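Letter by letter, the chains look like this.
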Amino acid sequence: MIKYCGYLVRDEWLFQRGVDLGHPRPVTVGDKMDVLCLASRSLMTETGVYRYTRFRHVKTAKGTKFWCIAFASNDPSERLPTSSPSEERYKALKEVLQKKGPPGWYQAS
């Protein structure tokens, strides 16, 4: 079972970020994926985590699916660390997302 350590991000938060960046609200599935990718890339670049994170789809223990900006994974093919990141690595992203605490571990969906 592949797991990722990161912060969860809701689709709606990313869609709103896309609108804030000047993109129209998505209508089609293709539009939605475009906006999700553009908004997440912008967020990761702005917070300085783009070089060492991945944007992955995960699910919580209750089965709810989210996007995750992942800092670590138990899957060596991801080329991510296998342990949780230091606070200096995630602090800027944590602040923008208004999260409390360090990133959590979630199952890939």
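Refer to the structure printed above.
## Brief notes about the state of the cysteines
Now for step 1: Scanning the entire structure with this criterion turns up 0 disulfides.
Now for step 2: C5 takes part in no disulfide bond, and the closest cysteine sulfur to it belongs to C68, at a distance of 7.6 Å.
Now for step 3: Accessibility expressed as a relative area gives 0% for C5, which makes it buried.
Now for step 4: Looking at the unpaired C37, the closest cysteine sulfur is the one in C68, lying at 15 Å.

## Structural notes on the nonpolar core
Now for step 1: Counting 18 residues, the largest nonpolar core has L14, V49, I69, F71 and L93 as the members making the most contacts within it.
Now for step 2: Put simply, the parts of the chain that give this core at least two residues each are β1 (3-9), α1 (11-20), α2 (29-46), β3 (65-73) and α3 (87-97).
Now for step 3: Here the element with the most residues in this core is α2; it accounts for 5 residues.
Now for step 4: With 8 residues, the next largest nonpolar core counts Y4, L8, L80 and Y106 among its residues.

## A short note on the pattern of salt bridges
Now for step 1: What the rule picks out here adds up to 3 salt bridges.
Now for step 2: Across the salt bridge formed by E46 and R17, the nearest N and O atoms sit 2.6 Å from each other. Within this pair, whereas E46 is found in helix α2, its partner R17 is found in helix α1, the two being separated by 29 residues in sequence.
Now for step 3: For R17, a relative accessible area of 12% translates into the label buried.

## Some remarks on the packing of α1 against α2
Now for step 1: Interaxial distance between α1 and α2 falls to 8 Å at its minimum, and their mutual angle equals 80°. When the interaxial angle is binned, α1 and α2 end up roughly perpendicular. From α1, D11, W13, L14, F15, R17 and G18 reach across to α2, where they touch K32, V35, L36, A39, S40, S42, L43 and E46.

## Remarks on the pairing of strand β4 (residues 104-108)
Now for step 1: Inspection of the sheet shows β1 paired to β4 by 4 bridges, in the antiparallel sense. Following the sheet pairing, G6 is matched in β4 by G104.
Now for step 2: Bridge count between strand β2 (residues 54-59) and β4: 2 bridges; the pairing is antiparallel. For V58, the partnering residue across the bridge sits in β4 and is A108.

About the cut-offs
- Residues numbered from 1 in each chain as written.
- Predicted model: local features only at pLDDT ≥ 70, side-chain atom pairs only at ≥ 80, totals over all residues.
- Heavy atoms only, no water.
- Disulfide = S-S within 2.5 Å.
- Buried < 20%, exposed > 50% of the residue type's maximum accessible area, 1.4 Å probe, protein only.
- Core = buried A, V, L, I, M, F, W, Y, C linked by side-chain atoms within 4.5 Å.
- Helix = DSSP H or I, 4+ residues; strand = E, 2+ residues; numbered from the N terminus.
- Salt bridge = Lys/Arg side-chain N within 4 Å of Asp/Glu carboxyl O.
- Axes fitted to C-alpha atoms, helices over the stretch in contact; angles between N-to-C directions.
- Parallel < 35°, antiparallel > 145°, perpendicular 65-115°, else oblique.
- Contact = heavy atoms within 4.5 Å.
- Pairing = 2+ DSSP bridges.

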